[in-house]
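What follows is each chain in one-letter form.
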Amino acid sequence: MKIKRKTIGFLALAISLQVLALLVFTAQKKGYFIDEIYSWGLSNGYYKPFVTSYDVFGRWVEGEELLKYMTVQPGEGFSAGSVWYNQGQDVHPPFFYLMLHMVCSFTPDVYGTWQGMVLNVPAYAGCLLMTFLTARLLLRSDKKAMAAMAIWGLSPGGLSTGDYIRMYMLMTFFASASMYLHVKMFLKGQNGRRLAGICLVTFLGLLTQYYFVFFAFFCSAVYVLGKIKGRKWKEAAIYSAALLGAVGAMVLAFPACIGQLARPDEFVATETRNNLSTGGMVATNLISYISSINMDFLGGCIRPVAAGGLLLAMFCLWGRWKRGRDGNGEATGGGKGTEGEAKAEKKTALALTVILLLCFLSVSWVAVVPGARYIYNLYPLMAVLAVWWVDRLVAWGLGKGGKTIWVYTGLLAVVASLFVKGYIQGHVQYLYPENQKRVALADAYSHCYCLYINNYENSPLTQDLVELCGFRGVYAMPREGIRQVKEVLKGKDVQGGLIVYVDTNEFWSSGYDGETVMEELREATGFRGYTHLYSHELSETYLLQ
């Protein structure tokens, strides 16, 4: 079914408006999550993957020196070897970091949100297109396909994916492209071009985020089992060999992936292996992910939505009974097509539902941190299937008559109101409006020197790096160094006060008690007192006066 020229125009307009909506939210971004700082650092630190690779402990470091970690320095641009090295020391594959490094290489000594959005915007637009095309294949309706596209793209979850300067938007695009190509092969048959496309997105998806493996594996497993059931042994063998080749190519391109997954000295790798064997986080992750879906799509109204869904099901059941009593035939949902096409689309949608559930459970089983970003790549598929299942329910109960338009209009109005409620309540993530206070305070004390009390941990320093870059100088040391603090401050003008960061997180870093450390500092320096300025997830910040 070819796309009409008029539809192409509407589609281009719809995608453009959704990209504009993404940019409107991006313009409100006032800070960064710690992993976003890592995005720049791992991309641009020249053979130095972490801020602690710059020998920042036990000496005064100027802000400009810290800034080098996040920016490409003159003569260090377009250094793929550095990116590959840095990622070999980290826990992620390198493709996203390579792309970000290439963008940053055009603007040395600069970092900014726009650099990440140069990658995210095309991936977001591409994901919108893939979602539309997939839904169109299953529903045989341009309008319903556009609805599915908007349900992902304008949801707080879809916008959060696009706003996050991390590899998850790119992974979501590769997952949505794989979804479309697999549906195309389910419905239209296997050929070399489609199979080559699946191999390419599998290779790039695995090279972007290891969690892509769940989507790739279950799509492949369900597809191959379908071919085996249909006794199409040759197609199953060709597909399997091609996909194994894509996985092998990824390992050859980034052989460090084997060592990363087996590292005994890295927290995330170790905990992932533990979860894989025990599933220790599965209950926590399931609760967290369902809560995230509630905020990302339902405006936090999961109970009213569930009640509304039950009422819709009862209404459709009543409509089905009434139609059966009147002798009306069964409607199958979707657009025009043969009975065989409708049956194939139903089987494909059911297969996708199984894939979605298996991926969701697998991520819940192994994920170390209960963050929605690990299931962002499943959101487009969720949107497509939500529209398909609702369409099936309405068509089964009410048929295809003109009266169903009021049902669809009402449902879209409800979805729109839930999204607006989510916007108002701040469910679009990674904008950090509260960061304005921290930045303003750091600017107000930019004339001061800064002590960072930290037991040689990397994470809190990375989290606070943007503010630290603004001080006259930063001295990082463990709590035990407080005894020599007068020697550390010798020759420094601290009459206007001294900024002190205390690394307080027990899970990711040193776990010091901020008030206890500040009392020790006050006694060791002879300062008269201190004031708490602001809190962050991994640290507390004070002014020693």
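Structure: above.
As the structure is a prediction and not an experimental result, all values here were calculated from the model.

Colleague: Give a description of the overall build of the protein that names residues and reports values.
Modeller: Scanning the protein for helices and strands turns up 24 helices and six strands. By the compact-globule yardstick of 24 Å for 545 residues, the protein fits well, its C-alpha radius of gyration being 27 Å. Reported as C-alpha extents along the three principal axes, the dimensions of the protein are approximately 95 × 50 × 45 Å. Within the span of the protein, comprising 545 residues, buried residues form 54% of the whole. Considering only contacts in the protein between residues 6 or more positions apart, those separated by 24 or more positions represent 78%. Put simply, the protein shows about 24,100 Å² of open surface, and 63% of that area lies on carbon and sulfur atoms.

Colleague: Go over the environment of Tyr 239 with me, naming the residues and quoting the values.
Modeller: Within the fold, Tyr 239 resides in helix α12 (residues 233-253). Taking the C-alpha atoms as reference, Tyr 239 lies 7.6 Å from Val 224; in sequence the two are 15 residues apart. Excluding anything up to four places from it in sequence, Tyr 239 contacts His 182, Met 185, Gln 190, Leu 195, Ile 198, Cys 219, Ser 220, Tyr 223 and Val 224. Of the polar contacts made by the side chain of Tyr 239, one reaches the side chain of His 182; its length is 2.6 Å.

Colleague: So what about unusual backbone geometry? Which residues, and what values?
Modeller: Its identity as a non-glycine residue notwithstanding, Asp 109 has a phi of 65°, on the positive side. Within the secondary structure, Asp 109 sits in the loop between α5 (95-105) and α6 (113-139). When its relative accessible area of 45% is taken as the criterion, Asp 109 is described as partly exposed. Phi at Arg 231 takes a positive value of approximately 60°, unusual for a residue other than glycine.

Colleague: Which residues make up the nonpolar core, and what are the values?
Modeller: Among the nonpolar cores identified, the biggest contains 143 residues, and Leu 66, Tyr 69, Tyr 379 and Leu 468 are the most heavily contacted of them. It is α6 that provides the largest number of residues to this core, a total of 14 residues. Contacts of Leu 468, omitting those with residues within four sequence positions, involve Gly 63, Leu 66, Cys 450, Tyr 452, Leu 461, Val 474 and Tyr 501. Residues Met 477, Ile 482, Val 485 and Leu 521 belong to the second largest nonpolar core, which totals 20 residues.

Colleague: Which residues make up the packing of helix α15 (residues 282-297) against helix α17 (residues 339-366), and what values go with them?
Modeller: Where α15 contacts α17, the axes come no closer than 7 Å and their chain directions differ by 125°. Classified by the interaxial angle, the pair formed by α15 and α17 is oblique. Note that α15 runs across α17; the crossing there is right-handed. For the pair α15 and α17, contact is made by Val 282, Asn 285, Leu 286, Tyr 289, Ile 290 and Ile 293 and by Phe 360, Leu 361, Val 363, Ser 364 and Trp 365, respectively. Partitioning the contact of α15 with α17 into residue classes produces nine nonpolar, two polar and no charged.

Colleague: Hey, could you go over the pairing of strand β2 (residues 449-453) for me, with residue numbers and the actual values?
Modeller: The buried fraction of β2 amounts to five of the five residues, a majority that puts the element mostly inside the structure. Side chains of β2 alternate between two faces, with Tyr 449, Leu 451 and Ile 453 and Cys 450 and Tyr 452 buried alike. Sheet topology note: the β2/strand β3 (residues 473-477) ladder contains five bridges and is parallel. Considered in β3, the bridge of Tyr 452 is made with Ala 476. Relative to strand β4 (residues 498-503), β2 is paired through five bridges, and the arrangement is parallel. Following the sheet pairing, Tyr 452 is matched in β4 by Tyr 501.

Colleague: Would you mind going over helix α10 (residues 192-206) in detail, with residue names and values included?
Modeller: With 15 residues, α10 should cover 21 Å at 1.5 Å per step; its first-to-last C-alpha distance of 21 Å lies within 8% of that length. Along α10, the residues that are buried comprise Arg 194, Leu 195, Gly 197, Ile 198, Cys 199, Val 201, Thr 202, Leu 204, Gly 205 and Leu 206. With a side-chain oxygen positioned 3.3 Å from the backbone nitrogen of Arg 193, the residue opening α10 is Asn 191.

The rules behind each value
- Residues numbered from 1 in each chain as written.
- Predicted model: local features only at pLDDT ≥ 70, side-chain atom pairs only at ≥ 80, totals over all residues.
- Heavy atoms only, no water.
- Helix = DSSP H or I, 4+ residues; strand = E, 2+ residues; numbered from the N terminus.
- Rg over C-alpha atoms; globule rule 2.2 N^0.38 Å.
- Buried < 20%, exposed > 50% of the residue type's maximum accessible area, 1.4 Å probe, protein only.
- Contact = heavy atoms within 4.5 Å.
- Areas by Shrake-Rupley, 256 points an atom, 1.4 Å probe, with all protein chains shown as cover.
- Polar contact = N/O pair within 3.5 Å; in protein donor to acceptor, adjacent residues only side chain to side chain.
- Core = buried A, V, L, I, M, F, W, Y, C linked by side-chain atoms within 4.5 Å.
- Axes fitted to C-alpha atoms, helices over the stretch in contact; angles between N-to-C directions.
- Parallel < 35°, antiparallel > 145°, perpendicular 65-115°, else oblique.
- Left-handed = near helix turned anticlockwise from the far one by under 90°.
- Nonpolar A, V, L, I, M, F, W, Y, C, P; charged D, E, K, R; others polar.
- Pairing = 2+ DSSP bridges.
- Expected span 1.5 Å × (residues − 1).

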